[in-house]
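Read off the chains here:
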Amino acid sequence: MSSHFLRLLLFLGCLVAAARSTCNVCHSVNKMACYSMTQQKACDANNLPTGAPLDCPTGYMCVSGIDGVLCQPKASSGSVADCQECNKCDATQTFACTGRSSFSLCLGTNTSHESSGNCAAGYVCNNGITEICELATTVNPSCTIADDTTTTTTTTTTTATPPTNDASAYCAAVKEKGKFAVGPLCTQYITCSYLEGKWVGKAYTCTPLYFDRTTGKCVTPKPSYCYTSTTSPPTTTTAAPTTSDPAAYCAKLQARDSFPVGTNPSTTCRQYIKCYPVGGNWLGKMYTCPGKLYYNSSTKTCVSTLPATCSDRIASLSINGVQLE
């Protein structure tokens, strides 16, 4: 085999590796970005992916090329799917890498949950290891996205509810990209993005439609969890939801399931909360694993092995904007 041919193979291999790691990068041609191997996201005016991911048709994959980000048949000659390792749950269905040093929880499914975690300084996310984060000097990150050059900051829990009358102040408090409902009437929402080192928010109105927080779109009919001006919204307090308040935690998650409480190996890693709806309201009950067992969010059981989310490799972890304690 000639040296020229070997160099050609090496070059092609580098191209494939680059394509596999490219994720959430907005294309200048059609303002779209690959979110996973089979999903796309539209880009906003700030050239950042936003909204709910759009599924490619069955048998198609997301590919970025000279014509933009498109869904192409998997059998296409010469096509390599982007995001092959981004937002992909690991073999244990515990987590998915969403960036160089960020991840989300999979909670025992093959789909990443609406959650946000960050590795400690000097660590990167790798979905080939059970520890989630590993030293950057020993492994390569599984996923690289457009804004990985920005500095990750540790989220600080506050006791005040983020103000919704100032969209940018709200986004600065939430510190998450995406769309967020404003109030119980579901008539407004705020879009948050991170631009040039600061959080930027913009408020939108869906009237006469309703904002669906699941799809991130204005829809009709009104989602079941929305209230009208003639009905009384649920009682709220000035305190932001925390895992120490199971009912408030479950009202934020809006899902019937069991969820982790925190990342402290001595206390909260042994606890979990079961969420369930009663009469249109969400309630929660906290449980503690017996003995010296820990709660595993993937198997949803109490286990003897310390979960990866409870190690000092994890800097922060939140679910639906609620910081785990």
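Keep in mind the model is a prediction, meaning the values are calculated, not measured.

A.B. asks: Any details on the overall build of the protein? Residues and values, ideally.
C.D. replies: Check the secondary structure of the protein and you find 3 helices and 24 strands. Sorting the 325 residues of the protein into buried and exposed places 38% on the buried side. Across the protein, the fraction of contacts at a sequence separation of at least 24, relative to all contacts at a separation of at least 6, is 45%. For the protein, the accessible area works out to roughly 17300 Å², and carbon and sulfur atoms hold 55% of it.

A.B. asks: Account for the sheet that holds strand E7 (residues 95–97), naming residues and giving values.
C.D. replies: Adjacent strands of a sheet pair through backbone hydrogen bonds, lying either parallel or antiparallel. Spatially, 5 strands are ordered E7-E8-E9-E23-E24 in an open sheet, and the strand pairing comes out antiparallel. The open sheet has two free edges, formed respectively by E7 and strand E24 (322–323), since each of these has just one partner strand. Bridge count between E7 and strand E8 (residues 102–105): 3 bridges; the pairing is antiparallel. Residue pairing across strands places alanine 96 opposite serine 104, the latter belonging to E8.

A.B. asks: Explain the environment of cysteine 275 residue by residue, including any values.
C.D. replies: Along the chain, cysteine 275 turns up in strand E19 (residues 271–278). The exposure class of cysteine 275 is buried, given its relative accessible area of 3%. Once the C-alpha coordinates of cysteine 275 and alanine 255 are considered, the two residues, 20 residues apart in sequence, prove to be 6.6 Å apart. With residues up to four places along the chain from it excluded, the contact list for cysteine 275 reads Cys250, Leu253, Ala255, Arg256, Asp257, Phe259, Trp282, Leu283 and Gly284.

A.B. asks: Describe the nonpolar core, with residues and values.
C.D. replies: Within the largest apolar cluster, 34 residues are counted, with the highest numbers of intra-cluster contacts made by Phe103, Cys125, Ile132, Cys133, Tyr249 and Cys275. Those elements that provide at least two residues to this core are strand E2 (32–36), E7, E8, strand E10 (123–125), helix H3 (246–253), E19 and strand E23 (314–319). Discounting chain neighbours no more than four positions away, the residues touching isoleucine 132 are Phe95, Phe103, Val124, Cys125, Asn126, Ala308, Thr309 and Ile314.

A.B. asks: Quick one: what's the story with the pairing of strand E4 (residues 49–55), residue by residue and with numbers?
C.D. replies: Note that strand E3 (residues 39–43) and E4 share 4 bridges and pair antiparallel. Bridge pairing in E4 links alanine 42 to threonine 50. Counting the residues that bridge the hairpin from E3 to E4 gives 5 residues, and of these asparagine 47 lies at a positive phi of roughly 65°.

A.B. asks: Give a detailed account of the side chain of serine 297, specifying residues and quantitative values.
C.D. replies: Mapping serine 297 onto the fold places it in the loop between strand E21 (294–296) and strand E22 (301–303). Setting aside anything within four residues of it in sequence, one finds serine 297 in contact with Leu107, Gly108 and Pro260.

A.B. asks: Lay out the state of the cysteines in plain terms, naming residues and giving numbers.
C.D. replies: This structure, assessed with the given rule, holds 12 disulfides. Linked covalently through their sulfurs, cysteine 86 and cysteine 143 form a disulfide whose S-S length is 2.0 Å. Here cysteine 86 and cysteine 143 share a disulfide; its torsion about the S-S bond, 100°, makes the bridge right-handed. With a gap of 57 residues between them, cysteine 86 in the loop between strand E6 (68–73) and E7 and cysteine 143 in the loop between strand E11 (133–135) and strand E12 (144–145) connect regions that are remote in the sequence. In this structure, cysteine 86 and cysteine 143 share a single accessibility class: buried. Covalently, cysteine 269 is tied to cysteine 310 through a disulfide, its sulfur atoms 1.9 Å apart. Looking along the S-S bond of the cysteine 269-cysteine 310 disulfide, the torsion reads about -115°, which is the left-handed sense. One end of the pair, cysteine 269, is in the loop between strand E18 (257–260) and E19; the other, cysteine 310, is in the loop between E22 and E23, and 41 residues separate them in sequence. The exposure classification of cysteine 269 matches that of cysteine 310, with both residues buried.

Conventions adopted
Residues numbered from 1 in each chain as written. Predicted model: local features only at pLDDT ≥ 70, side-chain atom pairs only at ≥ 80, totals over all residues. Heavy atoms only, no water. Helix = DSSP H or I, 4+ residues; strand = E, 2+ residues; numbered from the N terminus. Buried < 20%, exposed > 50% of the residue type's maximum accessible area, 1.4 Å probe, protein only. Contact = heavy atoms within 4.5 Å. Areas by Shrake-Rupley, 256 points an atom, 1.4 Å probe, with all protein chains shown as cover. Pairing = 2+ DSSP bridges. Core = buried A, V, L, I, M, F, W, Y, C linked by side-chain atoms within 4.5 Å. Disulfide = S-S within 2.5 Å.

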